[in-house]
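Each chain, written out:
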Amino acid sequence: LTELDGKYHELKITVDRPGTDLTYRQGYYAVDTPKVDASQKKVDLSAALLSPVDSTAVGIEATLDVKPGTLNVQVRLDPETLSTQPGQTGPAGKVEELFVEFNAAGREVGRISAAPSFEIKPENLEAYQSRGVTMVQSIPLAADAVKLSIVVRDTASGRVGSLAVPLDKVAR
């Protein structure tokens, strides 16, 4: 295949060993991943931020560590939901992160965004494949924050994941 023509292409695989049964994909559609423009990216982030239900297109787990006036958020991202390209030393990718604190009235009381890149060295590839990539972000903790919304977008694919974390029981 030399071009993405949008058509279904049948696969046929044979082996030269009698009595061997093969299990394989019967075919594929040769389509390109749609490009996401900047306006759509903003809509996706806003929709994930405002939704009462977490988005799971990018798998997110978060661990919080509270220091006086600061919330250290350790975010682990599921490798099955991230896009990577070859980097200098191994697979590499980039995500956009948005951390928004809300008060009891639902009003935004704090916001931090970041766009970290990651690259997986060959000696860390097995750990990445089983546990994903972990990133840490420090956030000034608003005194009246009762909820932290974390939104992550995979830059290459445009997939978005979100996670709402209650802060009302966090020791300050």
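Structural notes, computed from the coordinates.

Further remarks concern the overall build of the protein chain. Within the protein chain, the secondary structure is distributed over 2 helices and 11 strands. Secondary structure of the protein chain in N-to-C order comes out as β-β-α-β-β-β-β-β-β-α-β-β-β. Sorting the 172 residues of the protein chain into buried and exposed places 33% on the buried side.

Looking now at the pairing of strand β10 (residues 147-154). With respect to burial, β10 is a largely interior element, 7 of its 8 residues being buried. Summarising the sheet, strand β6 (residues 91-102) and β10 pair through 8 bridges and their orientation is antiparallel. Counterpart to Phe 102 in the pairing with β10 is Lys 147. Bridge analysis of β10 against strand β11 (residues 160-166) gives 7 bridges, and the strand direction is antiparallel. When the bridges of β11 are listed, Val 151 appears paired with Ser 162.

Consider a sheet: its strands pair through backbone hydrogen bonds, and that pairing is either parallel or antiparallel. Taking strand neighbours across the sheet as the criterion, the 3 strands line up as β3-β4-β9 in an open arrangement whose pairing is antiparallel. Strands at the two margins of the open sheet, each flanked by one partner only, are β3 (60-67) and β9 (133-140). Adjacent strand axes in the sheet meet at a mean angle of 20 degrees when their direction is disregarded. Bridge analysis of strand β4 (residues 70-77) against β9 gives 8 bridges, and the strand direction is antiparallel.

Taken as a whole, this structure holds 4 salt bridges when the rule is applied. Here Arg 76 ties to Glu 61 by a salt bridge, and the two come within 2.9 Å at their closest N and O atoms. Remark: Glu 61 occurs in strand β3 and Arg 76 occurs in strand β4; sequence separation between them is 15 residues. When its relative accessible area of 25% is taken as the criterion, Arg 76 is described as partly exposed. For Glu 61, a relative accessible area of 45% corresponds to the partly exposed category. With a closest N to O distance of 2.9 Å, Arg 111 and Glu 108 form a salt bridge.

This paragraph deals with the environment of His 9. You can see His 9 is positioned in strand β1 (residues 8-10). Under the relative-accessibility criterion, His 9 is labelled partly exposed at 21%. Taking the C-alpha atoms as reference points, His 9 and Ala 30, separated by 21 residues in sequence, lie 7.3 Å from one another.

Conventions used here
- Residue numbers restart at each chain and count upward from 1, following the sequence in its written direction.
- A pLDDT threshold of at least 70 governs which residues receive local features in this predicted model, and a stricter bar of 80 or more applies before side-chain atom pairs are shown or counted, although totals over entire chains, interfaces and linings include all residues.
- For side-chain calculations, the full set of non-hydrogen atoms in the structure is used, while hydrogens and water are omitted.
- We count a stretch as a helix when DSSP gives it H or I for four or more residues in a row; a strand needs E for two or more, and each element gets its number in order from the N terminus.
- Relative accessibility under 20% of the residue-type maximum defines a buried residue, over 50% an exposed one, and the middle range a partly exposed one, all with a 1.4 Å probe and only protein chains included.
- Strand pairing follows a simple DSSP-based rule, namely that at least 2 bridges must link the two strands.
- Helix axes are fitted to C-alpha atoms over the stretch in contact, other axes to C-alpha atoms as well, and angles between N-to-C directions run from 0 to 180 degrees.
- One side-chain nitrogen of Lys or Arg within 4 Å of one carboxyl oxygen of Asp or Glu is enough to make a salt bridge.

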